[in-house]
Amino acid sequence: MATNAMNLSRRNMLLGTGAAVAALGVSPLALAQKTKSMSERNPEPVPPTPDQIRRMKWWHEARFGMFIHFGLYSQHARHEWAMEEEAIPIGEYTPLAKVFDPAPGSARGWAKLAKAAGMKYMVLTTKHHEGFCNFDTKLTDYCATKQGPGRDIVREYVDAARAEGLHVGFYYSLMDWHHPDGARCATDEAARKRFVEYTHGLIRELLTNYGKIDILWYDVAWPLDADGWESERMNKMVFELQPDIIVNNRNQLLGDFSTPEQHIAAENNGRAWESCMTLNDSWGFQRADDNWKTSKTIVRNLITCARDGGNYLLNVGPQPDGAVPEESVRVLTEVGQWMAVNGETIYKSDPCQPRRSEYASFTRTGNTLYMHVHFWPGEDVAISGLTVKVKSARLLKTNQEVKFSQDPYRVHLTGLPMDAPDSPVTTIALECEGEPKQDTDYVRKNKPRGGV
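Keep in mind that this is a model prediction, so the values were computed, not measured.

Please clarify how helix H11 (residues 189-206) should be interpreted in this entry.
Since there are 3.6 residues in each turn of an α-helix, residues three or four apart along the chain are aligned in direction. Helix length check: H11 (18 residues) gives 26 Å between terminal C-alpha atoms against 26 Å at 1.5 Å per residue, within 8%. Among the residues of H11, Ala191, Arg192, Phe195, Val196, Tyr198, Thr199, His200, Gly201, Leu202, Ile203, Glu205 and Leu206 are the ones counted as buried. Turning to H11, the residues buried within the fold contact strand S2 (121-127), strand S3 (167-173), helix H10 (181-184), strand S4 (215-219), helix H12 (226-229) and helix H13 (231-241). Two or three places before Ala190, at the start of H11, stands the capping residue Asp188, its side-chain oxygen 3.0 Å from that residue's backbone nitrogen.

Here it is as structure tokens:
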């Protein structure tokens with residue numbers, strides 16, 4: 001993953017959807033935007049094209065995916081940026097490839113865990129910044145089939161994801177710390193041409209040898225811009241090979257969706273977006289990193305993404321043997337138990353305007369407002385400023401009817417159990433007469449005050 005966002009120019013944003021856009025007769029200039037970085041919000045309206053609507057329908061409905069960072073850095077066990085941040089010499093780092101030997105069947109464990117957690121798609125690092133390829137390639141010996149594993153990790157991952165009915169995504173780092181032209185390409189045109197052909201060739205192999213692929217997740221375009229990478233040609237090739245694929249915005253083109261990293265930054269202009277986050281503070285396995293997010297934090301983040309029409313891509317960093325760390329399994333199992341009951345409030349949810357509460361957050365589907373109470377206050381809860389009439393309310397966990405009263409200023413739900421009926425978040429479903437909206441300013445201005 002990137003440590004710093006990279007600036008984009010207007011020219012570098014052209015043709016983000018490649019051949020799919022060209023086939024629609026949409027001018028690349030119509031899709032170009034000004035933006036401060038790849039992962040920041042785009043201020044101008046970005047209505048989806050008909051082809052994007054078609055290709056991304058499943059992705060919008062999925063909402064929740066698993067990111068997997070796995071490579072030689074997992075063997076090193078000190079974060080995936082260790083090679084650069086510790087300035088490890090190539091000769092000291094590459095021997096990791098000989099001892100990197102994940103257990104057969106590891107990918108099946110990842111896929112089963114993803115499904116149990118309520119995730120609908122997976123994205124695996126096929127090549128990270130270190131340059132090691134987790135797949136069988138004819139272009140380098142620095143790959144899984146010719147080194148320690150002696151087999152195609154990407155193939156195992158693809159088969160495992162499909163066996164669990166999950167959509168398949170490939171992460172690919174453009175930056176490469178191993179290839180001799182990886183940095184030289186910035187100042188040497190011959191090196192740039194060699195490295196670009198190498199890069200395009202690896203992407204071609206990935207999108208040719210594994211059947212239908214659903215997502216291509218580029219990362220870190222250093223040290224070239226879109227012209228240098230020949231990103232328009234790159235995306236054209238991608239869509240020719242995989243007409244139904246979706247691509248992100250990290251090869252310096254607009255792509256199909258934005259990628260805020262380690263924070264939630266919703267687009268408000270019609271553009272698709274996905275927040276990617278770690279379960280602790282590391283993407284790759286870091287044996288000493290014990291700063292784990294709780295299942296409550298994960299659920300709240302997922303609710304926040306769904307509320308604003310975005311997706312949540314949550315990372316696991318398997319250990320060198322391919323096993324997912326025990327704490328990750330525990331947290332994701334708890335999330336999965338919650339999703340088994342509350343998944344309907346996340347999948348296929350609509351953008352939700354109500355959001356003001358000190359102890360709850362909200363999602364909606366049609367005219368149903370879901371109040372997700374993460375700090376359970378006891379026998380009653382209230383929503384301020386709801387402007388539509390509530391017809392009924394029930395606890396989602398037990399389907400128990402909830403009594404309520406409503407006036408112009410609040411909906412007051414009463415008779416609730418003292419202890420939260422669900423963990424880590426309890427959801428109350430409110431059926432409304434129309435789309436639920438909230439206006440707390442009206443309450444502040446108009447609610448009767450006491451005399452003096």
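Where do I start with the sheet that holds strand S13 (residues 403-406) in this structure?
With antiparallel pairing, three strands are arranged side by side in an open sheet as S11-S14-S13. With one partner strand each, in any of the chains shown, strand S11 (381-384) and S13 form the two edges of the open sheet. The average undirected angle you get between the axes of adjacent strands in this sheet is 15°. Across four bridges, the pairing between S11 and strand S14 (residues 410-414) is antiparallel. Bridging across to S14, Ile383 finds its partner in Val411.

Help me out: how do you make sense of the environment of Tyr370 in this one?
Along the polypeptide, Tyr370 turns up in strand S10 (residues 368-373). With relative accessibility at 5%, the residue Tyr370 sits in the buried group. Along the primary structure Tyr370 and Ala360 are separated by ten residues, whereas in three dimensions their C-alpha atoms are 9.8 Å apart. Discounting chain neighbours no more than four positions away, the residues touching Tyr370 are Glu344, Thr345, Ser361, Phe362, Thr363, Arg364, Thr365, Leu396, Thr427, Ile428 and Ala429. A distance of 3.3 Å separates a polar atom in the side chain of Tyr370 from a polar atom in the side chain of Glu344.

Before we go on, may I ask you to explain the pattern of salt bridges in this structure?
Where charged atoms of side chains with opposite charge meet at close range, the side chains can pair. According to the stated counting rule, one finds 31 salt bridges in the structure shown. As a salt-bridge pair, Asp159 and Arg155 come within 4.0 Å of each other at their nearest N and O atoms. With Asp159 and Arg155 both in helix H9 (residues 153-163) and four residues apart, the pair spans about one turn of that helix. Exposure remark for Asp159: the relative accessible area of 41% places this residue in the partly exposed category. Owing to a relative accessible area of 30%, Arg155 belongs among the partly exposed residues under this scheme. Several salt bridges converge on common partners, so that one network encompasses Asp51, Arg54, Arg55, Asp244 and Asp256.

What should I look at first to understand the nonpolar core in this one?
In a soluble, globular protein the nonpolar side chains are often hidden away together inside. Residues Trp110, Met122, Tyr157, Phe170 and Leu216 are the most contacted members of the largest nonpolar core, which totals 85 residues. Those residues in contact with Tyr157, other than ones at most four positions away along the chain, are Ile68, Ala107, Trp110, Met122, Val123, Leu124, Val168, Gly169 and Phe170.

Just to check I follow, could you spell out the sheet that holds strand S1 (residues 64-68) for this structure?
Pairing between sheet strands relies on hydrogen bonds along the backbone, with the strands arranged either parallel or antiparallel. Read across the sheet, eight strands follow the order S5-S4-S3-S2-S1-S8-S7-S6 without closing on themselves; strand pairing throughout is parallel. Single-partner strands in this sheet number two, and they are strand S5 (246-247) and strand S6 (257-258). Pairing of strand S7 (residues 272-278) with strand S8 (residues 311-316) involves five bridges; the strand directions are parallel. From the neighbouring strand, Glu274 faces S8, where its bridge partner is Asn311.

Could you clarify how one ought to interpret the UniProt feature "domain: Glycoside hydrolase family 29 N-terminal" (unreviewed entry) in the protein in this entry?
Mapped onto this numbering, the UniProt entry annotates "domain: Glycoside hydrolase family 29 N-terminal" (unreviewed entry) at residues 48-344. A distance of 25 Å separates the end C-alpha atoms of residues 48-344, which is 40% helix and 14% strand.

What's the story with the pairing of S3 in this structure? I'm lost.
Taken residue by residue, a regular strand's side chains alternate between the two faces of the sheet. The element S3 is largely enclosed, with a buried count of six among its seven residues. Of the pairings in the sheet, the one linking S2 to S3 comprises six bridges and is parallel in character. Within the sheet, the bridge partner assigned to Leu124 lies in S3 and is Phe170. Regarding the hand of the β-α-β motif, the stretch spanning S2, H9 and S3 is right-handed. With five bridges connecting them, S3 and S4 associate as parallel partners. Looking at the pairing, Tyr171 lines up with Trp217 of S4.

Explain the packing of aromatic side chains to me, please; I cannot follow it from the model alone.
The relation between two aromatic rings is expressed through the spacing of the ring centres and the mutual angle of the planes. Inspection of the entire model under this criterion finds 17 aromatic pairs. Measuring from centroid to centroid gives 6.4 Å for Tyr157 and Phe170, while their planes differ by 45°, and the two rings are tilted. Within this pair, whereas Tyr157 is found in helix H9, its partner Phe170 is found in strand S3, the two being separated by 13 residues in sequence. Note on Tyr157: relative accessible area 1%, which makes it buried.

Looking at this structure, I do not really get the confidence of the model for the protein. What am I missing?
For any part of a model where pLDDT is low, the fine detail of the predicted coordinates should not be relied upon. When pLDDT is averaged along the protein, the result is 91; 90% of the residues meet or exceed 70. Segment residues 3-39 is flagged for pLDDT under 50; beyond a separation of four residues in sequence, or across chains, it makes 93 contacts in the model.

I keep staring at the domain arrangement of the protein and nothing clicks. Help me out?
A common way to state how big an interface is: give the accessible area lost once the parts meet. Taken as a whole, the protein is organised into domain 1 (50-348) and domain 2 (360-446). Look at where the C-alpha atoms of domain 1 and domain 2 centre, and you get two points 37 Å apart. Each partner contributes residues to the interface: domain 1 has 13 residues there, and domain 2 has 16 residues. Our count for the domain 1 to domain 2 interface comes out at zero salt bridges.

So, how was this worked out
Position numbers for residues start from 1 in each chain and track the written sequence from start to end. Only residues with pLDDT of at least 70 are given local features in this predicted model, and only at 80 or more are side-chain atom pairs given and counted; all residues enter the totals for whole chains, interfaces and linings. No hydrogens and no water enter the side-chain calculation; it runs on all heavy atoms of the structure. Going along the chain from the N terminus, every DSSP run of H or I of four or more residues is numbered as a helix, and every run of E of two or more is numbered as a strand. Expected helix span is given by 1.5 Å per residue-to-residue step, counting one fewer step than there are residues. For each residue, the accessible area found with a 1.4 Å probe, counting protein chains only, is set against the maximum for its type, and the residue is called buried under 20%, exposed over 50%, and partly exposed in between. For this analysis, residues touch if any pair of their heavy atoms sits within 4.5 Å. Throughout this description, a polar contact denotes any pair of N or O atoms lying within 3.5 Å of each other; where both atoms belong to protein, one of them has to be capable of donating a hydrogen while the other can accept it, and for residues adjacent in sequence the pair is counted only when both atoms sit in side chains. One requirement defines pairing of two strands: DSSP has to find at least two bridges between them. Helix axes are fitted only over the stretch in contact, all axes being lines through C-alpha atoms; the angle between N-to-C directions runs from 0 to 180 degrees. In the sections that follow, a salt bridge refers to a side-chain nitrogen of Lys or Arg positioned within 4 Å of a carboxyl oxygen of Asp or Glu. Throughout, nonpolar core names a set of buried Ala, Val, Leu, Ile, Met, Phe, Trp, Tyr and Cys residues whose side chains join them through atoms within 4.5 Å. UniProt positions are given in the numbering used here, feature names are shortened, and annotations may be inferred rather than shown by experiment. By convention a crossover is right-handed if, when the strands point away from the viewer, the path from the first strand over the helix to the second runs clockwise. Classification of ring pairs rests on two measures: the distance between centres of Phe, Tyr or Trp rings, Trp counted by its six-membered ring, which must be within 6.5 Å, and the angle between planes, read as stacked under 30 degrees, edge-to-face over 60 and tilted in between. Per residue, pLDDT captures the predictor's confidence, and it can take any value from 0 to 100. Residue ranges for the domains trace back to a domain assignment, done automatically or taken from a database.

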